[in-house]
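# Results of the structural survey
Now for the letters of each chain:
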Amino acid sequence: MNLADYKNIWVFIETECGKPKNVGFELINAAKPLAQEKGCELIAVVIGKDIEGVAKDAICYGADSAIIVDGPEYEYYTTDAFAKALVALVEKYKPETLMIGATNNGRDLGPRVSCRLKTGLTADCTAIAIDEETGNVAWTRPTFGGNLMATIMCPENRPQMGTVRPAVFKKGDYDEAKTGEIVKEEITVAADEIRTTLIERVKEVAESINLEEAEIIVSGGRGVGSQENFQLLQDLADVLGATVGCSRAVVDAGWMPHAHQVGQSGKTVAPKLYFAIGISGAIQHVAGISGADTIVAINKDPDAPIFDVADYGIVGNLNEVVPALTEAFKAQKA
Ligand SMILES: Cc1cc2nc3c(=O)[nH]c(=O)nc-3n(C[C@H](O)[C@H](O)[C@H](O)COP(=O)(O)OP(=O)(O)OC[C@H]3O[C@@H](n4cnc5c(N)ncnc54)[C@H](O)[C@@H]3O)c2cc1C
């Protein structure tokens, strides 16, 4: 493999039924300084059905250009079709770096593609940079239960691949006037090459929880005490137009579905305002909220570690503090 043949940074923009997931645009913003540092192009790759508008959006969010593969076989994600298309694109254009959002589909697609290309992939990254000495991408991800951060490089193979968690980076500004070339590639996948068939899409209640894109999150921990008592948090969330999240202890207790879990083995979130209520602040929880602008902690234990990361702290019993806050916000709204 001649490494010099590989150029440019690619960001895969995931879509669902033609709609982009935010993580692709977040990655464009994160990759922009890297592309500048390398003096290379930042290219968005969109595979889907009717996705030309998404490619245009990617350019407005900062990509220099875009490559699209548009066809009915890409309306819904399937491993076979998407892996075939992405591998074919990489073999044709030889990007130096390929970033994919660490969504359910991204976590499926990334390893499949890297394996076929016989290159390395760093999964679930939370930071990316260019290594000054070697010029390789330095992919950083939590390891050993979140107690250590590992920085991984792929010096001998190309492309350098990584999946990056949603909501770790913010989207950049949308510049409507920005233009860039959109290259259309024809890659057809025959029906018998796709080994899975989508029979029905069932919208779980849990699926409608969009923690990663929520602006305000009211999150509860074991200290909330019971499933029923989560109503206190729901009342506060309703007044604020917020989404309810929780710690893993709450999911383990069966009080909330996993879709609400924030943290290392749950969602990484980046709201403007994050309430941590009856949450101790274990490292695995805090790993998921580093992108929050403002953290408000409510805990009866003044020594709870959550206060170390909180911008505002209320030491008190949540059964008294939370209803008081709800009433105060209600009164302010009225
Ligand atoms: C590999 C791995 C991955 C993990 N991933 C995650 C993850 O993604 N997300 C996550 O959250 N955890 C995760 N954990 C678990 C994590 O280590 C903690 O066990 C968990 O976060 C604790 O949840 P908690 O803060 O709700 O509960 P506790 O640690 O039990 O804290 C409860 C808090 O509530 C307070 N409290 C109690 N009653 C009241 C009251 N009436 N009023 C006010 N405060 C009160 C207590 O003072 C205490 O601080 C992971 C662990 C491992 C090993």
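The protein is annotated in an unreviewed UniProt entry as Electron transfer flavoprotein subunit alpha/FixB family protein from Anaerobutyricum soehngenii. UniProt annotates the protein under Sequence similarities (unreviewed entry) with the comment "Belongs to the ETF alpha-subunit/FixB family."

Judged by how many residues are buried, strand β13 (residues 216-220) sits mostly within the fold: five of five residues are covered. Side chains of β13 alternate between two faces, with Ile-216, Val-218 and Gly-220 and Ile-217 and Ser-219 buried alike. Sheet topology places β13 next to strand β15 (residues 273-277); five bridges connect them, and they run parallel. Paired with Val-218 across the bridge in β15 is Phe-275. Pairing geometry for β13 and strand β14 (residues 243-246), over four bridges, is parallel. The partner of Gly-220 across the bridge, within β14, is Cys-246.

Next up on the list: the sheet that holds strand β5 (residues 65-70). The pairing of strands in a sheet happens through backbone hydrogen bonds and is either parallel or antiparallel. Strand order across the open sheet formed by seven strands is β7-β11-β6-β1-β4-β5-β12, with parallel pairing between neighbours. The open sheet has two edge strands, β7 (121-125) and β12 (182-184), and neither has a second partner. The average undirected angle you get between the axes of adjacent strands in this sheet is 20°. Two elements, strand β4 (residues 42-48) and β5, share six bridges in a ladder whose sense is parallel. Paired with Gly-48 across the strands is Asp-70, a residue of β5. Running over the sheet, helix α1 (residues 22-38) touches β1 (9-13), β4, β6 (97-101) and β11 (160-164) and is turned about 175° from β1.

Calculation notes
Residues numbered from 1 in each chain as written. Predicted model: local features only at pLDDT ≥ 70, side-chain atom pairs only at ≥ 80, totals over all residues. Heavy atoms only, no water. UniProt positions renumbered as here; feature names shortened; annotations may be inferred. Buried < 20%, exposed > 50% of the residue type's maximum accessible area, 1.4 Å probe, protein only. Helix = DSSP H or I, 4+ residues; strand = E, 2+ residues; numbered from the N terminus. Pairing = 2+ DSSP bridges. Axes fitted to C-alpha atoms, helices over the stretch in contact; angles between N-to-C directions. Contact = heavy atoms within 4.5 Å.

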